[in-house]
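The lines below spell out each chain.
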Amino acid sequence: MADLVDTLRDTLTADDGLSLVAEHDGQVVGHVMFTRGLLDAPRRLVDVHVLSPLAVVPPLHGHGIGSALVRHGLRILAERAVPLVWLEGDPRYYTRFGFAAGGGLGFRRPSLRIPDGAFQVLRLPEYEPWMTGTLVYAEPFWRHDAVGLRDPGV
Ligand SMILES: CC(C)(COP(=O)(O)OP(=O)(O)OC[C@H]1O[C@@H](n2cnc3c(N)ncnc32)[C@H](O)[C@@H]1OP(=O)(O)O)[C@@H](O)C(=O)NCCC(=O)NCCS
C-alpha cells in the first residue's frame, strides 16, 4: 500500500487529485487521498475521482477523524466540479457520506474482482444523468495490482 500511495502522490497536481492529512498534537493521525480516474461514458470520457486510501491511526478510531477527512475532501472536489467519486470499501461505513452501490446506478466495475457491494459511487452536484458507463482506474492501481481482491486459492 505504501508503494501505491507514493505512486499516486506523484500524480497529484494543484488542480487534480487531493491528499489530506489530519494532525493531533503535531502528529499525522489520518490520511485520505483522491486521485483522478475516467468514466468511459457513451458521450465522452469523463474525469472522475477515486477515493483511496483512507486510514486513521488505530488509537484514534471512532473520533470522527475519518469522516472529517472524507467530508472535507468531497467538499473540495464538488467545488472543483468533479461529478463522480468512486471507492472500493465497506458500504456500512461509506453510506453515511452518500455513497451507494454503483452497479445499480448504471455503472460498471473496472474489474469483476471488486465485489458488487464494495463498488460504490457518490454523485456530486455536477453529475448529469448521461454519465453512465465503465469506471477506468488510473494506471498506478494496475501497476500495483491494487484493484479488487485476488483469489488466494488460484
Ligand atoms: C475506516 C477508518 C478510516 C474510519 O476512521 P475513523 O476515524 O475511525 O472513522 P469515524 O470516527 O469518522 O467513524 C467511526 C464510525 O465508522 C464505523 N466504521 C469504521 N470502520 C468501519 C467499517 N470497516 N465498516 C463499518 N463501519 C465502520 C465505526 O463503527 C463508527 O461507527 P459509528 O459512527 O456508528 O460509531 C478507520 O477505521 C481505519 O483507518 N481503518 C483501517 C483502514 C481502512 O479500513 N480503511 C478503509 C479502506 S476502504
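Structure: above.
Residues numbered from 1 in each chain as written. Predicted model: local features only at pLDDT ≥ 70, side-chain atom pairs only at ≥ 80, totals over all residues.

(A) How the structure looks around the overall build of the chain. Within the chain, the regular secondary structure consists of four helices and eight strands. Moving toward the C terminus, one meets the helices and strands of the chain in the order α-β-β-β-α-β-α-β-β-β-β-α. Since a compact globule built from 154 residues should have a radius of gyration of about 15 Å, the 15 Å found for the chain is in line with a globular shape. Its C-alpha atoms give the chain principal-axis dimensions of about 50 × 45 × 30 Å. (Helix = DSSP H or I, 4+ residues; strand = E, 2+ residues; numbered from the N terminus. Rg over C-alpha atoms; globule rule 2.2 N^0.38 Å.)

(B) Structural context of the nonpolar core. With 32 residues, the main nonpolar core has Phe-34, Val-48, Leu-51, Leu-84, Val-85 and Trp-86 as its most contacted residues. Every element with two or more residues in this core is listed here: strand S1 (18–24), strand S2 (27–40), strand S3 (45–56), helix H2 (65–79), strand S4 (84–88) and strand S7 (119–123). Among the elements that take part in this core, S3 stands out by supplying six residues, more than any other. (Core = buried A, V, L, I, M, F, W, Y, C linked by C-beta atoms within 7 Å. Buried ≥ 20, exposed ≤ 12 C-beta atoms within 10 Å, placed from the backbone.)

(C) Looking closely at the environment of Ala-68. Mapped onto the elements, Ala-68 comes out in helix H2. Note: C-alpha distance between Ala-68 and Ala-22 (46 residues apart in sequence) is 8.7 Å.

(D) Seen up close, the pairing of S7. In terms of residue burial, S7 counts as a mostly covered element, since four of its five residues are buried. Where S4 meets S7, five bridges bridge the pair, whose relative direction is antiparallel. Each residue of the ladder has a partner; that of Glu-88, found in S7, is Phe-119. (Pairing = 2+ DSSP bridges.)

(E) Spatial organisation of unusual backbone geometry. For the peptide bond that leads from Ser-52 to Pro-53, omega is -5°, which places it in the cis range. With respect to the helices and strands, the residue Pro-53 is situated in strand S3. If you check the backbone angles, Asp-145 has positive phi at about 50° while not being a glycine. With respect to the secondary-structure elements, Asp-145 resides in the segment after helix H4 (139–143).

(F) The arrangement of the pairing of S3 in detail. Across 10 bridges, S2 lies against S3 in antiparallel orientation. The residue of S3 that forms the bridge with Leu-38 is Asp-47. Between S2 and S3, which pair antiparallel in sequence order, lie four residues. Judged from the two bridges that link them, S3 and S4 form a sheet pairing that is parallel. Paired with Val-50 across the strands is Trp-86, a residue of S4.

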